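Structural features, examined
The lines below spell out each chain.
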Amino acid sequence: MFETLSGKLGDVFERLRKRGALTESDVSEALREVRVALLEADVALPVVKTFIDGVKSRAVGQDVLRSVTPGQQVIKIVHDHLVEMLGGEAGAEDESGINLNAVPPVPVLMVGLQGSGKTTSTAKIALRLMNKERKKVLMASLDVYRPAAQEQLKILGEQNSIPVLPIVAGQMPVDIAKRALQAAKLGGYDVVMLDTAGRLHVDETLMLEVAAVRDAVQPHETLLVADSLTGQDAVNVAKSFNERVGVTGIVLTRVDGDGRGGAALSMRAVTGKPIKLIGVGEKVDALEPFHPQRIAQRILG
Ligand code: GDP
């Protein structure tokens, strides 16, 4: 992820570092190049503008330009703004970022478009909560429209020893969700993960159904799963879901194949919601917490 951006910024900063003294126009020129690099990485235009304006207002001051290492100072300012843009300081290294601070069983609702990686991410998160946080997790698929969807979650559960709510043919999403919650209560589960149906596009029927499930189970976390390869579309999808059903965090998938990183970079600023986890492969253990600090370091080298 971020290979192209990282390479371009590396070149700009290399030149800045090499120069002893910097003038205001040197900084402006460097920031022009940073701007182009961010736009080429598919970062949303308003986000780029805010970022560049923020860096500029701090970097062209006399205290920076007259310092002993002005290049380093400008790079540090870019770094700090990048961390901010990615969502600020994150929590401890091993946290999943998922808030389970409620009376168990805690309902976690997984929402997003079809093909975004929702079902895979549901199993990945369940496994992570089981292995890293020693939680007892039950998964349930509410996707009654795609014939194989419920089966897919069941198989993922079987393959990874994650309990899955038994399938009852003909039951509708809200009823499955209620049954899952009931089963989780009776079974002494800590978390119940509800994998909702997706559609190819954001539409009214999808939103109404997600809202109905949300109202029925009152989820503690609603995680929007978005495919980073779709760039700004992923950000727009997240924005729509947040406006219509309210999300508490984002799971960004297929980051392993995303050389540009525009969705990761714009998501927080556009939606106001944090990226909590990133999918970095097809396997069930290919899930990582999203740490703005570490991502910024990866970009800036
Ligand atoms: P859903 O329709 O949203 O439930 O999507 P699925 O969970 O079925 O995922 C669709 C495809 O994307 C599957 O082939 C997954 O293996 C793949 N996938 C999901 N997450 C990732 C990821 O982080 N990286 C990669 N490379 N593939 C992923």
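Look up a bit, the structure's there.
Bear in mind that the values here come from a model prediction, so they are computed numbers and not experimental data. (Residues numbered from 1 in each chain as written. Predicted model: local features only at pLDDT ≥ 70, side-chain atom pairs only at ≥ 80, totals over all residues. Heavy atoms only, no water.)

Let's talk about the side chain of Gln-150
Keep this limit in mind: Elements are defined by DSSP. Helices are runs of H or I of four residues or more, strands are runs of E of two residues or more, and each kind is numbered from the N terminus. Whenever two N or O atoms come within 3.5 Å, that pair is a polar contact, provided that in protein one can donate a hydrogen and the other can accept it, and provided that, for residues adjacent in sequence, both atoms are side-chain atoms.
Of note, Gln-150 is situated in helix 7 (residues 149-160). A distance of 3.2 Å separates the side chain of Gln-150 from the backbone oxygen of Ser-141, its partner in a polar contact.

Notes on helix 3 (residues 45-59)
Side chains of residues three or four places apart in an α-helix project in the same direction, reflecting 3.6 residues per turn. Rule in force here: To estimate how far a helix should extend, the number of its residues minus one is multiplied by 1.5 Å. Working rule for contacts: check all heavy atoms of both residues, and any pair within 4.5 Å makes them a contact.
Its 15 residues give helix 3 an end-to-end C-alpha distance of 21 Å, which sits within 8% of 21 Å, the value for a rise of 1.5 Å per residue. In the core, the buried residues of helix 3 are packed alongside helix 2 (24-40), helix 4 (62-65), helix 5 (70-86) and helix 11 (262-271).

Quick notes on the sheet that holds strand 5 (residues 249-253)
Here is the rule we go by: Between any two strands, at least two bridges found by DSSP are needed for them to pair. Think of each axis as a best-fit line through the C-alpha atoms, taken over the contacting stretch in the case of a helix, with angles from 0 to 180 degrees between the N-to-C directions.
Strand order in the open sheet formed by 7 strands is 2-3-1-4-5-6-7, with mixed pairing between adjacent strands. Here the strands that pair on one side only, and so sit at the sheet edges, are strand 2 (137-141) and strand 7 (287-289). Averaged over all adjacent pairs, the angle separating strand axes in this sheet is 25°, with direction ignored. Where strand 5 meets strand 6 (residues 275-279), 3 bridges bridge the pair, whose relative direction is parallel.

Quick look at the site of the ligand
Applicable threshold: One heavy atom within 4 Å of a molecule or strand makes the whole residue count as near it. Each accessible area value is a Shrake-Rupley result obtained with a 1.4 Å probe; residue values ignore everything except the protein chains displayed when judging cover. For this classification, the nonpolar set comprises Ala, Val, Leu, Ile, Met, Phe, Trp, Tyr, Cys and Pro, the charged set comprises Asp, Glu, Lys and Arg, and every other residue, Gly included, is treated as polar.
Taken together, 18 residues lie near the ligand, and Gly-115, Lys-118, Thr-120, Arg-254 and Asp-256 sit nearest. Here an oxygen atom of the ligand sits 2.7 Å away from a polar atom, N or O, in the main chain of Lys-118. The separation between an oxygen atom of the ligand and a polar side-chain atom of Gln-152 is 3.0 Å. In the complex, 83% of the free accessible area of the ligand, which totals 590 Å², lies under the protein chains. Ranked by the residues each element gives to the shell around the ligand, the list is headed by helix 6 (residues 118-133), at 4 residues. When grouped by side-chain class, the residues that make up the shell around the ligand number 2 nonpolar, 10 polar and 6 charged.

Re the packing of helix 6 against helix 7
So the rule is basically this: When describing relative orientation, an angle under 35 degrees is termed roughly parallel and one over 145 degrees roughly antiparallel, while 65 to 115 degrees is termed roughly perpendicular and anything else oblique. By definition, turning the near helix anticlockwise from the far helix through less than a right angle yields a left-handed crossing, and turning it clockwise yields a right-handed one.
In the contact formed by helix 6 and helix 7, the axes pass within 10 Å of each other and the chain directions differ by 30°. By the angle class used here, helix 6 and helix 7 are roughly parallel. Seen from above, helix 6 lies across helix 7 with right-handed handedness. Residues Thr-119, Thr-120, Thr-122, Ala-123 and Leu-127 of helix 6 form the contact with helix 7, whose participating residues are Gln-152, Leu-153, Leu-156 and Asn-160. For the contact of helix 6 with helix 7, the per-class residue count stands at 4 nonpolar, 5 polar and no charged.

Here's the deal with the environment of Leu-277
As for its position among the elements, Leu-277 is in strand 6. If we ignore the near neighbours within four places in the chain, the residues touching Leu-277 are Ser-96, Ile-98, Ile-125, Arg-128, Ile-250, Val-251, Leu-252, Leu-287, Glu-288, Pro-289 and Phe-290.

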